[in-house]
Amino acid sequence: MNALLPLVAGIVSLIICAEFFANALRASGLIDLLINSAQGVNAGTNFMTVILAAIVGLVTFLTGSGVGAYSSFAALAPDVAAGLGGTISSLVTPMQFASGMLRAMSPVAGVIIAVAGAAGVSPMAIVRRTWIPMMVGMVVTLVANGIFLG
């Protein structure tokens, strides 16, 4: 149990940093800049959906926590949706899927560590088997979101 304490402390620290990062993005005006840039090139909600899902996916991969990444960055969705005239659900749905699917690609995710321990392999061996289906799933999610919600 004591061996897991540094790992858990690091993950919790990364989740807190992700929350600060999301607030800093809003406070610095970067979200407004992204919205104005998207409007300037007529990119719209689908472009911002991909960007926000990518941010959530990256934070999920790095921290191993989908809930932390999603709850940190989902608060940005209402501002982005209002700025682009889109719906909040079309933004947060792929973010939620990114947080769930890309957790299966993170070698520091609790479930990956537990499965690797039970199987007697390294977490990277599990990740090597899950990254392709998870990335395909993200592409399918983004395309379906664009068709049905976008």
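An account of the accompanying structure is given in this report. A quick note: this is a predicted structure, and the numbers were derived from the prediction, not measured.

This next bit is on the overall build of the protein. Within the protein, the regular secondary structure consists of eight helices and zero strands. Listed N to C, the secondary structure of the protein is α-α-α-α-α-α-α-α in terms of helices and strands. For 150 residues, the compact-globule estimate of 2.2 N^0.38 gives 15 Å, and the protein sits close to it at 16 Å. Its C-alpha atoms put the protein at 50 × 30 × 20 Å along the principal axes. When contacts within the protein are restricted to residue pairs at least 6 apart in sequence, those whose partners lie at least 24 apart make up 73%.

So, on to the nonpolar core. Counting residues in hydrophobic clusters, the biggest one holds 29 residues, and the most contacted among them are Phe 73, Leu 76, Val 80 and Leu 91. Going through the elements one at a time, helix H1 (5-28), helix H2 (30-40), helix H3 (44-63), helix H4 (66-73), helix H5 (77-84), helix H6 (88-101) and helix H8 (123-148) are the ones with two or more residues in this core. If you look at the next biggest cluster of nonpolar residues, it comprises five residues, including Ala 109, Ala 116, Ile 126 and Val 127.

Moving on: H6. Taking 1.5 Å as the rise per residue, H6 with 14 residues should run 20 Å; its terminal C-alpha atoms sit 20 Å apart, in good agreement. Listed in full, the buried residues belonging to H6 are Ser 90, Leu 91, Val 92, Pro 94, Met 95, Ala 98, Ser 99 and Met 101. On its buried side, H6 packs onto H3, H4, H5 and H8.

Another point: the packing of H6 against H8. Here H6 crosses H8 at 170 degrees, and the two axes come no closer than 10 Å. What the angle tells us is that H6 and H8 run roughly antiparallel. Two secondary-structure elements touch here, H6 through Ser 89, Ser 90, Thr 93, Pro 94, Phe 97, Ala 98 and Met 101 and H8 through Met 134, Gly 137, Met 138, Thr 141, Leu 142 and Asn 145. Counted by class, the contact of H6 with H8 contains seven nonpolar, six polar and no charged residues.

Definitions and cut-offs
- Residues numbered from 1 in each chain as written.
- Predicted model: local features only at pLDDT ≥ 70, side-chain atom pairs only at ≥ 80, totals over all residues.
- Heavy atoms only, no water.
- Helix = DSSP H or I, 4+ residues; strand = E, 2+ residues; numbered from the N terminus.
- Rg over C-alpha atoms; globule rule 2.2 N^0.38 Å.
- Contact = heavy atoms within 4.5 Å.
- Core = buried A, V, L, I, M, F, W, Y, C linked by side-chain atoms within 4.5 Å.
- Buried < 20%, exposed > 50% of the residue type's maximum accessible area, 1.4 Å probe, protein only.
- Expected span 1.5 Å × (residues − 1).
- Axes fitted to C-alpha atoms, helices over the stretch in contact; angles between N-to-C directions.
- Parallel < 35°, antiparallel > 145°, perpendicular 65-115°, else oblique.
- Nonpolar A, V, L, I, M, F, W, Y, C, P; charged D, E, K, R; others polar.

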